[in-house]
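Here is what each chain is made of, one letter per residue.
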Amino acid sequence: MLSALGRAFRTPDLRRKLLFTLAVIAIYRAGAYVPSPGVDYANVQQCLALGNTSGGVYQLVNLFSGGALLQVSIFALGIMPYITASIIIQLLRVVIPYFQTLWEEGQTGQARLTQYTRYLTIGLGVLNATTIVTLARSGALLNNCPYPVIPQDDPATIVLLIVTLTAGTGLIMWLGELVTEKGVGNGMSILIFTSVAAGFPSALGAILTTKGWGTFLLVLVLGLVVVAAVVFVEQSQRRIPVQYAKRMVGRRTVGGTTTYIPIKVNMAGVIPVIFASSMLYLPSLLAQFNTPQAGQEPAGWVVWINNYLTRGDHPLYMALYALLIIFFTYFYGSITFNPTEVSDNMKKYGGFIPGIRAGRPTEQYLQYVLSRITLPGAIYLAVVALLPLIALVMFGANQNFPFGGTSLLIVVGVGLETVKQIDAQLQQRHYEGLLR
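How each quantity is defined
Residues numbered from 1 in each chain as written. Predicted model: local features only at pLDDT ≥ 70, side-chain atom pairs only at ≥ 80, totals over all residues. Heavy atoms only, no water. Helix = DSSP H or I, 4+ residues; strand = E, 2+ residues; numbered from the N terminus. Buried < 20%, exposed > 50% of the residue type's maximum accessible area, 1.4 Å probe, protein only. Contact = heavy atoms within 4.5 Å. Areas by Shrake-Rupley, 256 points an atom, 1.4 Å probe, with all protein chains shown as cover. Salt bridge = Lys/Arg side-chain N within 4 Å of Asp/Glu carboxyl O. Core = buried A, V, L, I, M, F, W, Y, C linked by side-chain atoms within 4.5 Å. UniProt positions renumbered as here; feature names shortened; annotations may be inferred. Axes fitted to C-alpha atoms, helices over the stretch in contact; angles between N-to-C directions. Nonpolar A, V, L, I, M, F, W, Y, C, P; charged D, E, K, R; others polar. Phe/Tyr/Trp six-rings, centres within 6.5 Å; stacked < 30°, edge-to-face > 60°. Lys NZ or Arg CZ within 6 Å of the ring centre and 35° of its normal. Parallel < 35°, antiparallel > 145°, perpendicular 65-115°, else oblique. Left-handed = near helix turned anticlockwise from the far one by under 90°.

Enquirer: I keep staring at the overall build of the protein chain and nothing clicks. Help me out?
Expert: Of the regular secondary structure elements, the protein chain holds 17 helices and 5 strands. In the protein chain, buried positions account for 42% of the 436 residues. Summarising the internal contacts of the protein chain: among those between residues at least 6 apart in sequence, 69% fall at separations of at least 24. Entry remark: accessible area of the protein chain is about 22600 Å², with carbon and sulfur atoms responsible for 63%.

Enquirer: I tried to follow the pattern of salt bridges on my own but got confused; where do I start?
Expert: When the charged atoms of two side chains with opposite charge come close together, those side chains can pair. Summed over all chains, the structure comprises 2 salt bridges. Between Arg118 and Glu177 there is a salt bridge; the shortest N-O distance is 2.9 Å. Here Arg118, found in helix 8 (residues 107-138), pairs with Glu177, found in helix 9 (residues 155-182); they are 59 residues apart in sequence, far enough to count as distant. We classify Glu177 as partly exposed; its relative accessible area is 22%. For Glu363, the salt bridge is made with Arg360, and the minimal N-O distance between the two is 3.1 Å. Within this pair, Glu363 and its partner Arg360 are both found in helix 16 (residues 360-394), separated by 3 residues, close to a single helical turn. Since its relative accessible area comes to 19%, Glu363 is described here as buried. The exposure class of Arg360 is exposed, given its relative accessible area of 53%.

Enquirer: Would you take a moment to explain the nonpolar core for this structure?
Expert: Val230, Ile261, Ile263, Val273, Tyr321, Ile325 and Leu409 are the most contacted members of the largest nonpolar core, which has 63 residues in total. The element best represented in this core is helix 16, accounting for 12 residues. The contact partners of Leu409, leaving out residues within four places of it in the chain, are Val230, Glu234, Val270, Val273, Tyr380, Leu381 and Val384.

Enquirer: Explanation requested: the UniProt feature "transmembrane region" (unreviewed entry) in the protein chain in the structure shown.
Expert: UniProt tags residues 68-95, 116-136, 156-176, 188-207, 213-233, 254-282, 316-337 and 373-395 as "transmembrane region" (unreviewed entry). Helix and strand shares over residues 116-136 are 100% and 0% respectively, and the end C-alpha atoms of the span are 30 Å apart. In residues 316-337, helix accounts for 95% and strand for 0%; the two terminal C-alpha atoms are 32 Å from one another.

Enquirer: I tried to follow the packing of helix 9 against helix 10 (residues 187-197) on my own but got confused; where do I start?
Expert: The packing of two helices is summarised by the inter-axis angle and the distance between the axes. Orientation of helix 9 relative to helix 10, taken along the N-to-C sense of each, is 115°, at an axis distance of 7 Å. Where helix 9 approaches helix 10, its residues Ile172, Met173, Gly176, Glu177, Val179 and Thr180 are matched on the opposing element by Gly187, Met188, Ile190 and Leu191. When grouped by side-chain class, the residues that make up the contact of helix 9 with helix 10 number 6 nonpolar, 3 polar and 1 charged.

Enquirer: Help me understand the environment of Leu18 in this model?
Expert: Residue placement: Leu18 occurs in helix 2 (residues 12-31). Separated by 161 residues in sequence, Leu18 and Val179 have C-alpha atoms that sit 9.6 Å apart.

Enquirer: Is there a simple way to think about the packing of aromatic side chains in this case?
Expert: Ring pairs (aromatic) are described by centroid distance and by the angle formed between their planes. With the rule as written, the count across this model stands at 6 aromatic pairs. With a centroid separation of 6.1 Å and an interplanar angle of 75°, the aromatic rings of Tyr98 and Phe99 are classed as edge-to-face. Taking the centre distance of 6.4 Å and the plane angle of 10° together, the rings of Phe327 and Phe331 count as stacked. Of this pair, Phe327 and Phe331 are both found in helix 14 (residues 315-336), 4 residues apart, which corresponds to roughly one turn of the helix. Take Phe331: its relative accessible area is 34%, and that puts it in the partly exposed class. One aromatic cluster is present, built from ring pairs that chain together Tyr98, Phe99 and Tyr116. Here the guanidinium or amino end of Arg93 rests over the ring plane of Trp103, the centre of that ring lying 4.1 Å away.

Enquirer: Even after reading the chapter, I still don't get the side chain of Gln100, so can you show me in this structure?
Expert: Counting through the fold element by element, Gln100 comes out in helix 7 (residues 97-104). Gln100 sits in the buried class, given a relative accessible area of 18%. Setting aside anything within four residues of it in sequence, one finds Gln100 in contact with Arg93 and Glu341.

Enquirer: What is the right way to read the packing of helix 6 (residues 80-95) against helix 14 from this model?
Expert: Two elements in contact, helix 6 and helix 14, have axes separated by 10 Å at closest approach and are oriented at 70°. By the angle between their directions, the pair helix 6 and helix 14 is classed as roughly perpendicular. Relative to helix 14, the crossing made by helix 6 is left-handed. Residues Gln90, Leu91 and Val94 of helix 6 touch helix 14, and the partners they reach there are Phe331, Tyr332, Ile335 and Thr336. Grouping the amino acids of the contact of helix 6 with helix 14 by side-chain chemistry returns 5 nonpolar, 2 polar and no charged.

Written as structure tokens, this is what we have:
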């Protein structure tokens, strides 16, 4: 492995790409600790020292920002607005025909969709920045901390803070696109990977400090087993063979080849887990807005939500979480893989699945395979997502347990794709790649 890394750094153009990617990562991590204008950094650190800052959908945002959200730094929003904008644009392709037409136009149409994603990212950045500033002013961002995060909250300071947070999101988006263009791997995925991986040392250190070496070693062994299982499932796919008939194009004979359609077991990636987490946070958000004043009794439904849907260690919360993940896995899988479109493209170019007639039978067969293979993928996602909640019950760890949930899926998935890209570029110049 070390010799392979040495070959990668001895290759001039690949070395430039790797060093450029590492430089962008360093800039991104440094920005996570640069305080925003108007924010009292000392008070923020005192609030964080009090603890009780985990939970809710902002835990997910803090995870994707590498801890920058709770630091209220210039990169507090992280990459989350871009992720949300990308998902919205992808879902709009199903609802708005114009977006689907742009996608089918090829590079020109997809470039326009990318531009729409950028505009939507800035819009969501303004919305999220306004929300974070409001929460910071009221103290709700850091769990009603007694120390003021924004001591001087005059209109000029608030506007400057919102502009700074939004500009930080735009800068992160630009850095991600630079890595995609001049670095190695997908830039946005690399930045997400960096944010998530940055929380691993502190999470493991907290387990070692609070639970001792016995629990720490047990967690490490469990983590290795889970990582190996996640890598196995992420690489698993169902290959549907496709045969192309021979046909004459001018004086040339084309076709007659055999290929396959790869359908991954986990086609939806980490998106269902994000959707399920966001949906489960909505009831607790409604309960927070209906919290009574001091001396008044809360409503019955508020008490029920606080008892069952705010703590991850309750069986009802776990069951709803798993069911939502399974539902969104089927939902997102049906959007990303369209059997009708695949069947039409195969028929257009003279392709067919051996033993299956072209047209409607091919579409039904692809839908059947997709529904069958999505079930184990959905169960796998639910099990991995529940690991932090199970650790919360067994080890008393917090919900930022490193070996499970969104963090592990992102780290393993992005790590595999990045290593494959480095290996492919290395194989273009050497007989041996990065992997053997």
